[in-house]
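Chain by chain, the residues run as shown.
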Protein chains: 2
Amino acid sequence: MTTIQHISFEDLKSKYQTPLYIYDEAAIRKQCKVFINKFRHPKVSSNVIYASKAFLTIAMAQLIMSEGLHLDCVSQGELYTALKAGFPVEKIVLHGNNKTKDELLMALNFRVGTIIVDNDYEASILNEIVNDKYKVSVMLRVNPGIDAHTHKYIKTSTLDSKFGMSILDPRTKETIKSLNDNPNINFLGTHSHIGSQILEEHSFYDHAITILKFYKEIKELYQIDLKAVNLGGGFGVKYIKSDTRLDLNKVLPELLEIVYQTANSLEISVPHVYIEPGRSIVAEAGYTLYTVNQIKETINKKKYLFIDGAMNDHMRTALYQAKYDAFIVGKEDMVHDTTYTVAGKACESGDIIIEDILLPDAKPDDLLVVRTTGAYHYSMASHYNRLTIPPVIFVKDGQSKVVVRKESFMDLLSHDEALV
Amino acid sequence: MTTIQHISFEDLKSKYQTPLYIYDEAAIRKQCKVFINKFRHPKVSSNVIYASKAFLTIAMAQLIMSEGLHLDCVSQGELYTALKAGFPVEKIVLHGNNKTKDELLMALNFRVGTIIVDNDYEASILNEIVNDKYKVSVMLRVNPGIDAHTHKYIKTSTLDSKFGMSILDPRTKETIKSLNDNPNINFLGTHSHIGSQILEEHSFYDHAITILKFYKEIKELYQIDLKAVNLGGGFGVKYIKSDTRLDLNKVLPELLEIVYQTANSLEISVPHVYIEPGRSIVAEAGYTLYTVNQIKETINKKKYLFIDGAMNDHMRTALYQAKYDAFIVGKEDMVHDTTYTVAGKACESGDIIIEDILLPDAKPDDLLVVRTTGAYHYSMASHYNRLTIPPVIFVKDGQSKVVVRKESFMDLLSHDEALV
């Protein structure tokens, strides 16, 4: 791979310098279409909501809008970005495990499509502040207690999770009743999410069945037939060669079929089904382009390949011990016989991009491309060590365009005040 | 503690809102004076260099300048900040494990006081680009192979460290010779740093002795009597009650005495000694003020105290499993009999501020103060989840002043471009 969308990485370096976040716009659009086209069922209505925390800028919100997905926001900042991008407010879902009254009021004032209430306390605030001028759609975040195989930081559904209310907790059903009884609320159903980067199909199916059994309990208890269900995201992506890619063409329609069959066998209404992919829309469409600065061999024969970025633009290795694949531009066909640790410029031992990767012999000024950096890279970037955050470009059909401009050193000081 | 520098936390919340980074300016100044006054010896010359990666803004650089410390920068961004603050360039030390030729040229052009060269490759570049118009002072980063007891991410001196050259490696001595022989370089000696947050005195002493023995080898091999030694930082601070605070009043003069005695017994010149405290200057002077949004009890009886900040302003718990202490304003004298997990607003299970802390019974709108957040909090902050970075204030003698202004949601979009 020496080009991306018919543009050489060398040309991108000349034009934008490095480090550089590159998104293959066609790949994002293709992935959106996979979700839109495959998350369909002749007898189940459905929507795909992009979980914007994976990667959000004005241009990205506009791309998502043009592909017809809905948008999940978890903060006022994400909501503000979506609104500035012109995203239709009725297609926005507001999340958050810990919303303030101000945030709920902001959501109501902007007439956000759906609010996901995290718990009974938030429900009580919302029940107080809604009024008859605008009937807001609401879901309740619940915790199905499913233990998906993933990093504990991105596992969201254990019994002690900070998110939502357990389906085993009697307060959960009472909260559903109170929201459903409110004439100013259009209560849709529950939202749940079992974790991120899940590669086993059965976790998604078990999840849907567990939630629908809970819907059956609600129906039996209160004669409420919940209209919709939001099953969250968590669709895993391929970071390294040994990762098995989840077959979305299979999982997405099967998930709807399972909802359909389960609802029928439980004798509840077939709900409208939402899912919220984030990472799986953007991760594999994203690449980080770095220039090799130095190669260093320690006395123990460990070889470092030092690039011109750092953990500030690539936090997931330090934070989750995440694994990545990478290649050296123009050397893909050479023998990969040298084990390098790719590390950055930050003054910290934790500043590792990839621990132990087989690459061809590398030299200063080589270009290194780290794959699958489209999700949680730009969005987690910091100014640690007062490093600037790389610019973001989209590439498509031989064209590149800036979606987030390069920062200057002056930008780092834009909010600073002198001491006296 | 209901006030800080005679200002109540309630007043600070009214004036600046929360979350808020608060620095006790008097405490920073006091700590600077401890280092300046105690790192002294009648027969050893010395300097204290503030490691700015812990916390740097224009105001902070000006404070450091006014207290007479030197400044350690690890990037062009830090260097730019220091220069904009008016910091005397001759008192700036440029670090970095992975400097580009451009960075070295920038340092030469600005006539930075001292450049710490990381390795033989950097030394070869520097040897090429220096000229006779300006004789730059240079040190070489070496790795003494000392295994300090600390988190592996902040342990910097194992044999496979990315930093410096091992003192056991013959190339290290050759590099010293080549730098020392360059007529356009004033070669001072070595820099080394055994890690961060070290609480055992003997690690510092062992380190100094190890390096001076290496100096003796250099003297015997090349008849070079190195002029100076930079022993780095790593002075631990108190995060939680069970941490024993390092006694700087004892360690600092003893370290110089050990250098003096060791140099004498080895029959080498007593070098000028530099140290580079960062965390120990600012960590305990910093506090993060949050408002409690919600309290939540899971079905397992785990109690969450949700505050209005998140891992984006407090990364060290997620990144290093760091421990923190906190208190609820006005409830310090109440019985602390409830175990809470303090968590934030980010849509991620890893978004924990403090796992399991005993506090008095908490309510929404209580103010929570997290202690010892002065180092690596603002400097590591991100916009994850499009949350804004809290403003930073200094407080002293009943007065507060903004040193980093609050961000707006608009600021989040300041570099964004539309899709078309």
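Rules used in this analysis
Throughout this document, residue positions are counted from 1 along each chain, in the order its sequence is written. Whichever chain is written first is A, and whichever ligand is written first is 1; the rest continue in order. Totals for whole chains, interfaces and linings use all residues, but because this is a predicted model, local features are given only for residues with pLDDT of at least 70 and pairs of side-chain atoms are given and counted only at 80 or more. For side-chain calculations, the full set of non-hydrogen atoms in the structure is used, while hydrogens and water are omitted. UniProt positions are given in the numbering used here, feature names are shortened, and annotations may be inferred rather than shown by experiment. Per the convention used, a helix needs a DSSP run of H or I reaching at least four residues, while a strand needs a run of E reaching at least two, with both numbered from the N terminus. Only protein chains enter the accessibility calculation, which uses a 1.4 Å probe. A residue is then buried if its area is under 20% of the maximum for its type, exposed if over 50%, and partly exposed in between. By definition, residues are in contact when any of their heavy atoms lie within 4.5 Å. What qualifies as a polar contact is a pair of N or O atoms within 3.5 Å, subject to a donor-acceptor requirement within protein and to the restriction that residues adjacent in sequence count only when both atoms come from side chains. What sets the superposition is a least-squares fit of C-alpha atoms, and only residues with pLDDT of at least 70 in both copies go into it. Throughout, the arc means that of the directions going from the helix axis to the C-beta atoms.

**Some thoughts on the UniProt feature "binding site: pyridoxal 5'-phosphate" (unreviewed entry) in chain A**
Moving on, step 1. If you check UniProt for "binding site: pyridoxal 5'-phosphate" (unreviewed entry), the listed places come out as Gly 234, Glu 276, Pro 277, Gly 278, Arg 279 and Tyr 376 of chain A in our numbering.
Moving on, step 2. Turning to its location among the elements, Gly 234 of chain A is positioned in the loop between β11 (228–230) and α9 (248–266).
Moving on, step 3. Along the chain, Tyr 376 of chain A falls in the loop between β18 (367–371) and β19 (392–396).
Moving on, step 4. You can call Tyr 376 of chain A buried: its relative accessible area is 6%.
Moving on, step 5. Not counting residues up to four positions away in its chain, the partners in contact with Tyr 376 of chain A are Lys 53, Ala 54, Arg 279 and Arg 316 of chain A together with Tyr 384 of chain B.
Moving on, step 6. Side chain to side chain, Tyr 376 of chain A and Lys 53 of chain A meet in a polar contact 3.4 Å long.

**Focus on helix α4 (residues 76–84) of chain A**
Moving on, step 1. Taken together, the buried positions of α4 of chain A are Gly 77, Glu 78, Leu 79, Thr 81 and Ala 82 of chain A.
Moving on, step 2. Taken together, the buried residues of α4 of chain A touch α3 (58–67), β5 (70–73), β6 (92–94) and α5 (101–109) of chain A together with α12 (409–412) of chain B.
Moving on, step 3. Following α4 of chain A by one or two positions, Gly 86 of chain A adopts a phi angle in the positive range, close to 85°.

**With respect to the relation of the copies chain B and chain A**
These two copies of the chain differ by a rotation about an axis and a displacement along the same axis.
Moving on, step 1. Rotating chain B by 180° and translating it 0.0 Å along the rotation axis places it on chain A, where the RMSD comes to 0.0 Å. In short, the pair behaves as if placed about a two-fold rotation axis. The position closest to the rotation axis in chain B is occupied by the C-alpha of Ser 382 of chain B, lying 2.2 Å away.

**Quick look at helix α1 (residues 9–16) of chain A**
Residue and element names in this part refer to chain A.
Moving on, step 1. The complete set of buried residues in α1 reads Phe 9, Leu 12 and Tyr 16. Each buried residue of α1 lies within a common arc of 55° when the element is viewed along its axis, so the set occupies one face.
Moving on, step 2. Where α1 terminates, the next one or two residues include Gln 17, which has phi positive at roughly 65°.

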